[in-house]
Amino acid sequence: MQTMHGYPDGAPDLGDVLVLGLGTSGKAAASYVADLVGTRARSLSVLAGKRTAEAERFAAELAAACGARVAFETEEVEGSYDLCIASPGISEFSAFYANARRASGEVVSEVEFAWRESSVDSRWVAITGTNGKTTTTSLTAHVLASAGIAAVACGNIGDACITAVAEGSADVYVAEVSSYQLASTCRFAPDVAVLLNITPDHVKWHRTLENYAQAKYKVLANLDRAGGVAVLDAVNDVVREGQVKRLRALTREERGFDYVPVGCAAGLSASMRDACGSENAAFLDDGTLRVDFRGEEHRLMPAADLRIKGEHNASNALAAASACLALGLTGEQVAAGLRGFSPLEHRIEPCGAVAGVACYNDSKATNVDATLKALSAFGDARPVVLLGGDDKGTDLTELVRAARVHCKAVVCFGAAGDRFERAFADVPGAAESALAVLRAAHLEDALDAALDIAQPGDVVALSPACASFDEFSCFEERGEVFKKLVADRRERKGA
């Protein structure tokens, strides 16, 4: 009898299954359930959203494979279902979601469904937060793999979780999970839960910052069942006040799991053990990555030896290291894995030099908090930073102040360019600031303006603090275009 995380007594019948949406996770869930129709599933229905040629082709394949019923461009849910698997793009506060809830025995996310379907012998690391998720997920999977463990990064990175589970080749699933996905979990119990920073983002989907935070906190909800470990960003005010203090007030027996705070209110270079008597802690000890876990001190490596830049990446490395130690790796194995990890695409990614000016692609910085981390990531170099794109309307005061401290110049571009330029004039201190503020219409113009003002030895970084949709379909396309533009300028002007 096959035992799974969600069904310790054996794989149950799923009954009539409804899938909402045909994005990446919706397609993956529908494909998985389609293979079960006639055995563990009675039927499959899909409410597919927008009608496209690709969606229609996929729907036809589902119908041919298992008789699936697929409807497009409707939020009405007809019939009744035992299980509904909701795609992350559908807000739990929407009428569509409410209709599905009324018609279904339960509504879960694809992440919850994948965890339930995974072997009870497999282990899960779930990583969430506003910024840093992808780097920390990739880094954790890399360190585990470098130690010889069959680990796969999945979720919002790589394959959908249910696809990875269906392949069955992993012993550890390292899942990047969003607030959207966590909102529709109920029994999800990873072995290690990593909660990074929480800053204002996706508030439109969640309606309030409190709802957003509460969705993130669900990653911790069932750790006591798994006897797991939580890794928490204690530098971040929201996480520290909302979770670290709550957990610190409980005994180990009351919590049912261990937790590792990364840094503390004083910063990343301070230990929660020293500050508050925490049992475990991860922090920078005179520039060295250090994790104190279950009575053992692990001095891993100098943060300066990481290939990924910035204090935020030292924090990501500490979170990944804590997760790997919790899964049983030695400090030596963790340090070796950390040393071999290279920067990810679109995340302060080196993309060559133009006439002696080093260029970096940080297109993934789609919000202010992510850009703030990039501004201070270049040591003594004062970068020329490209800011702009599709405006999220967030407050820019902290960004302006940080740019005045860290940057040589900023180039405001795209649909958000006018508001960003005004912010640099309106925030007090403009008259005293030596920061050059330039304006450009589009990304290409912004790069040229930045290269014109930069000198050999300077840094130019695309770290826009905005979404990409004014010019591009996604941040990946924006980053790819930026790299091509840099390559073109290098060919013309030399490296």
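Whatever comes next refers back to the structure up there.
Everything quoted here is computed from the prediction, not taken from an experiment.

Conventions and cut-offs
- Residues numbered from 1 in each chain as written.
- Predicted model: local features only at pLDDT ≥ 70, side-chain atom pairs only at ≥ 80, totals over all residues.
- Heavy atoms only, no water.
- Helix = DSSP H or I, 4+ residues; strand = E, 2+ residues; numbered from the N terminus.
- Rg over C-alpha atoms; globule rule 2.2 N^0.38 Å.
- Buried < 20%, exposed > 50% of the residue type's maximum accessible area, 1.4 Å probe, protein only.
- Pairing = 2+ DSSP bridges.
- Right-handed = clockwise from strand over helix to strand, strands pointing away.
- Core = buried A, V, L, I, M, F, W, Y, C linked by side-chain atoms within 4.5 Å.
- Contact = heavy atoms within 4.5 Å.
- Axes fitted to C-alpha atoms, helices over the stretch in contact; angles between N-to-C directions.
- Phe/Tyr/Trp six-rings, centres within 6.5 Å; stacked < 30°, edge-to-face > 60°.
- Lys NZ or Arg CZ within 6 Å of the ring centre and 35° of its normal.

1. A closer look at the overall build of the chain
Link 1 in the chain: The secondary structure content of the chain amounts to 20 helices and 20 strands.
Link 2 in the chain: The C-alpha atoms of the chain give a radius of gyration of 23 Å, which matches the 23 Å a tight globule of 495 residues would have.
Link 3 in the chain: Viewed in the frame of its principal axes, the chain has a C-alpha envelope of about 70 × 55 × 40 Å.
Link 4 in the chain: The buried share of the chain, reckoned over its 495 residues, is 56%.

2. Looking at unusual backbone geometry
Link 1 in the chain: For Glu73, which is not a glycine, the phi torsion comes out positive at approximately 55 degrees.
Link 2 in the chain: In this fold, Glu73 is placed in the loop between strand E3 (69-71) and strand E4 (83-86).
Link 3 in the chain: Glu73 sits in the exposed class, given a relative accessible area of 56%.
Link 4 in the chain: With a phi close to 50 degrees, Ala355 is a non-glycine residue in the positive phi region.
Link 5 in the chain: When you line up the elements, Ala355 lands in the loop between strand E15 (349-354) and strand E16 (357-361).
Link 6 in the chain: Taking relative accessible area as the criterion, Ala355 reaches 37% and is therefore assigned partly exposed.

3. Considering the pairing of strand E17 (residues 384-388)
Link 1 in the chain: When you tally the buried positions in E17, you get five out of five residues, the bulk of the element.
Link 2 in the chain: Taking every second residue as pointing to the same face, both faces of E17 are buried, with Val384, Leu386 and Gly388 on one and Val385 and Leu387 on the other.
Link 3 in the chain: Of the strand pairs in this sheet, E17 and strand E18 (residues 409-413) are connected by five bridges, and their pairing is parallel. In the strand pairing of E18, Val385 is matched with Val410.
Link 4 in the chain: In this region the chain leaves E17, passes through helix H17 (residues 397-406) and returns to the parallel neighbour E18; the handedness of that crossover is right-handed.
Link 5 in the chain: Of the pairings in the sheet, the one linking E17 to strand E20 (residues 459-462) comprises three bridges and is parallel in character. What sits directly across from Val385, in E20, is Ala461.

4. Comments concerning the nonpolar core
Link 1 in the chain: Counting residues in each nonpolar core, the largest one holds 66 residues, and the members touching the most others are Leu44, Ile85, Phe113, Trp124 and Leu232.
Link 2 in the chain: Per-element tally for this core: the top contributor is helix H1 (residues 24-34), with six residues.
Link 3 in the chain: With near-sequence residues (within four places) excluded, Leu44 lies in contact with Val17, Val19, Ala30, Val33, Ala34, Val37, Leu62, Cys66, Ala68 and Arg69.
Link 4 in the chain: By size, the runner-up hydrophobic cluster in this structure holds 43 residues, among which are Leu139, Val192, Val260 and Ala326.

5. So, the environment of Arg422
Link 1 in the chain: You can see Arg422 is positioned in helix H18 (residues 417-426).
Link 2 in the chain: Given the relative accessible area of 48%, Arg422 is considered partly exposed.
Link 3 in the chain: Sequence separation of Arg422 and Val437 is 15 residues, and the distance between their C-alpha atoms is 9.9 Å.

6. Observations regarding the sheet that holds E20
Link 1 in the chain: Strand order in the open sheet formed by six strands is E15-E16-E20-E17-E18-E19, with mixed pairing between adjacent strands. At either margin of the open sheet sits one strand with a lone partner, and together these are E15 and strand E19 (436-439). Sheet twist, expressed as the average angle between the axes of neighbouring strands with direction ignored, equals 20 degrees.
Link 2 in the chain: Here E16 runs beside E20; their pairing, made up of four bridges, is parallel. When the bridges of E20 are listed, Tyr360 appears paired with Ala461.
Link 3 in the chain: Each of E17, E18 and E19 touches H18; the most contacted strand, E18, lies at about 145 degrees to it.

7. A closer look at the packing of aromatic side chains
Geometrically, a pair of aromatic rings is defined through the distance of the ring centres and the angle of the planes.
Link 1 in the chain: Enumeration according to the criterion identifies five aromatic pairs in this entry.
Link 2 in the chain: Taking the centre distance of 6.2 Å and the plane angle of 80 degrees together, the rings of Trp115 and Phe188 count as edge-to-face. Highlighted residues: Trp115 in helix H4 (residues 110-117) and Phe188 in the loop between helix H7 (179-183) and strand E9 (192-195), separated in sequence by 73 residues. Exposure class is identical for Trp115 and Phe188. Each is buried.
Link 3 in the chain: Here the aromatic rings of Trp124 and Tyr173 are separated by 4.9 Å at their centres, their planes lie at 35 degrees, and the arrangement is tilted. In this pair, Trp124 is assigned in strand E6 (residues 123-128) and Tyr173 in strand E8 (residues 172-176), connecting sequence segments 49 residues apart. By the burial criterion, Trp124 is buried, and Tyr173 matches it.
Link 4 in the chain: Through a chain of ring-to-ring contacts, the aromatic side chains of Trp115, Trp124, Tyr173 and Phe188 assemble into a single cluster.
Link 5 in the chain: Geometry around Phe475 places Lys364 over its ring, the cationic atom sitting 5.5 Å from the centre.

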